[in-house]
Amino acid sequence: MKKLLAILLAVMMVAALAVPAMAAEANLTMGTGGEAGTYYAFGGVLGSYIGQNTDVSINVVSSGGSAANITGIVVDKTYDLATVQSDVMTYAYNGTNSFAEGGAMSDFRVLGGLYAETVQIVTCDPDITSVADLAGKSICVGDVGSGTYFNTVDILAAYDMTLDDVNPVYQSFGDSTESLKDGKIDAAVITAGAPTTAVVDLSTSNTVYLVSIDDEHMEKLLSDCPWYASYTIPAGTYNGFDEDAVTVTVKATLVCRADLDDDVAYEIVSTIFDNAEAITELHAKGAELSLEFATDGIAVPFAKGAAQYYAENGITVDTVD
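First, a word on what this report is: a plain description of the structure on this page.

Rules used in this analysis
Residues numbered from 1 in each chain as written. Predicted model: local features only at pLDDT ≥ 70, side-chain atom pairs only at ≥ 80, totals over all residues. Heavy atoms only, no water. Helix = DSSP H or I, 4+ residues; strand = E, 2+ residues; numbered from the N terminus. Rg over C-alpha atoms; globule rule 2.2 N^0.38 Å. Buried < 20%, exposed > 50% of the residue type's maximum accessible area, 1.4 Å probe, protein only. Contact = heavy atoms within 4.5 Å. Areas by Shrake-Rupley, 256 points an atom, 1.4 Å probe, with all protein chains shown as cover. Lys, Arg positive; Asp, Glu negative; His and termini not counted. Charge placed at Lys NZ, Arg CZ, Asp CG, Glu CD. Axes fitted to C-alpha atoms, helices over the stretch in contact; angles between N-to-C directions. Parallel < 35°, antiparallel > 145°, perpendicular 65-115°, else oblique. Left-handed = near helix turned anticlockwise from the far one by under 90°. Nonpolar A, V, L, I, M, F, W, Y, C, P; charged D, E, K, R; others polar. Expected span 1.5 Å × (residues − 1). Polar contact = N/O pair within 3.5 Å; in protein donor to acceptor, adjacent residues only side chain to side chain. Phe/Tyr/Trp six-rings, centres within 6.5 Å; stacked < 30°, edge-to-face > 60°. Lys NZ or Arg CZ within 6 Å of the ring centre and 35° of its normal.

### Quick look at the overall build of the chain
Next, step 1: Along the chain, the regular secondary structure elements total twelve helices and ten strands.
Next, step 2: Taken against the 2.2 N^0.38 rule, which gives 20 Å for 321 residues, the C-alpha radius of gyration of the chain at 22 Å falls within 12% of a compact globule.
Next, step 3: For the chain, the spread of C-alpha atoms along the three principal axes comes to 90 × 40 × 35 Å.
Next, step 4: Per-residue burial over the chain gives 51% buried out of 321 residues.
Next, step 5: Residue pairs in contact within the chain that sit at least 24 positions apart in sequence constitute 71% of those at least 6 positions apart.
Next, step 6: Element-wise, carbon and sulfur atoms account for 50% of the exposed surface of the chain, whose accessible area totals about 14,300 Å².
Next, step 7: Within the chain, one finds 12 positive and 44 negative side-chain charges whose respective centroids are separated by 12 Å.

Below is the structure:
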């Protein structure tokens, strides 16, 4: 009998030791962006893939974009995860630029950079060939508080312009391209991975033009706003678009609430970056997933669970206690 009890005890101890090795369990909500944007589409792919391959369930929802997502994590507590622009999250964490008046919202952490987001100035008017040509025009500048809104402000400033010099319209990507199609606005600023679903759809029925930032004003923009990088959108990105367009890019970044369980953070990050090839088969932006891109140039602390994964892969990132 004693021998049998000893065997049973040993089995129970092995089972107990196995529990920590099991996948972390969680039911999370992820804020993304408008339904016609890359945040929502790629976020849906990530959420679905993680949910199918781990015990972490992610409910992916559309939202107003970067600033709204950070508020949803830090203030409203409606989101556990979110996709945000790297520039906007840096403003929020430090309480600078557009967040100077309200103060820092630093109760969130980074899981990793995902892909490059291009600032696309889209029009169906062939006479609009420069940012300066936007003066006096009706321009969609994104949802209120979105990353696109802040990008628009920065680009206009490089041309010594403000929102007062245009007629700003506040819409999602899908609504803005519908407005372009119907002739209700003259141009729209769309910050998303190119090609962007909303612009692809527009290009099937209308001739699409992308407005470039010229060399002189690019130099000024990058000097004043070093969080941007110059980027060329190649000809052929959209139907009928037969010229390269020079613009700027920021980094689409996955963030989480500061108190997200370390094991859950590790599970999310490892699942994404260990399976980049499989994710690429589901969405083209998966091809941009890399550990270097995920960690390079990030000015906000990482979640400790994410940092553990990167450390296992030879990369050290900043965290906070």
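Read on for the rest.
### As for the packing of helix H5 (residues 147–158) against helix H8 (residues 215–224)
Next, step 1: Relative to each other, H5 and H8 sit at 125°, their axes nearing to 8 Å. One finds that H5 runs oblique with respect to H8. Every pair of crossing elements has a handedness; the one defined by H5 and H8 is right-handed. Only His217, Lys220 and Leu221 of H8 make contact with H5, whose side of the interface consists of Asp154, Ile155, Ala157 and Ala158.
Next, step 2: A per-class count over the contact of H5 with H8 returns four nonpolar, one polar and two charged.

### Concerning helix H9 (residues 262–273)
Next, step 1: The first and last C-alpha atoms of H9 sit 17 Å apart over twelve residues, in line with the 16 Å expected at 1.5 Å per residue.
Next, step 2: Of all twelve residues making up H9, nine are buried, and the element is well covered by its neighbours.
Next, step 3: All buried positions along H9 are accounted for by Val264, Ala265, Glu267, Ile268, Val269, Ser270, Thr271, Ile272 and Phe273.
Next, step 4: N-capping of H9 is provided by Asp261, with a side-chain oxygen placed 2.9 Å from the backbone N of Asp263.

### Details of the packing of aromatic side chains
Next, step 1: Tallied over the full model, the rule gives twelve aromatic pairs.
Next, step 2: Considering the side-chain rings of Trp227 and Tyr228, the 6.1 Å spacing of their centres and the 45° angle between planes classify their relative orientation as tilted.
Next, step 3: Residue Trp227 is classed as partly exposed on the basis of its relative accessible area, which comes to 30%.
Next, step 4: Its relative accessible area of 5% is what places Tyr228 among the buried residues.
Next, step 5: Within the aromatic cluster, the residues linked to one another by ring pairs are Tyr91, Phe99, Tyr149, Phe150, Tyr170, Trp227 and Tyr228.
Next, step 6: When the ring centre of Phe293 is taken as reference, the NZ or CZ atom of Lys251 above it lies at 4.2 Å.

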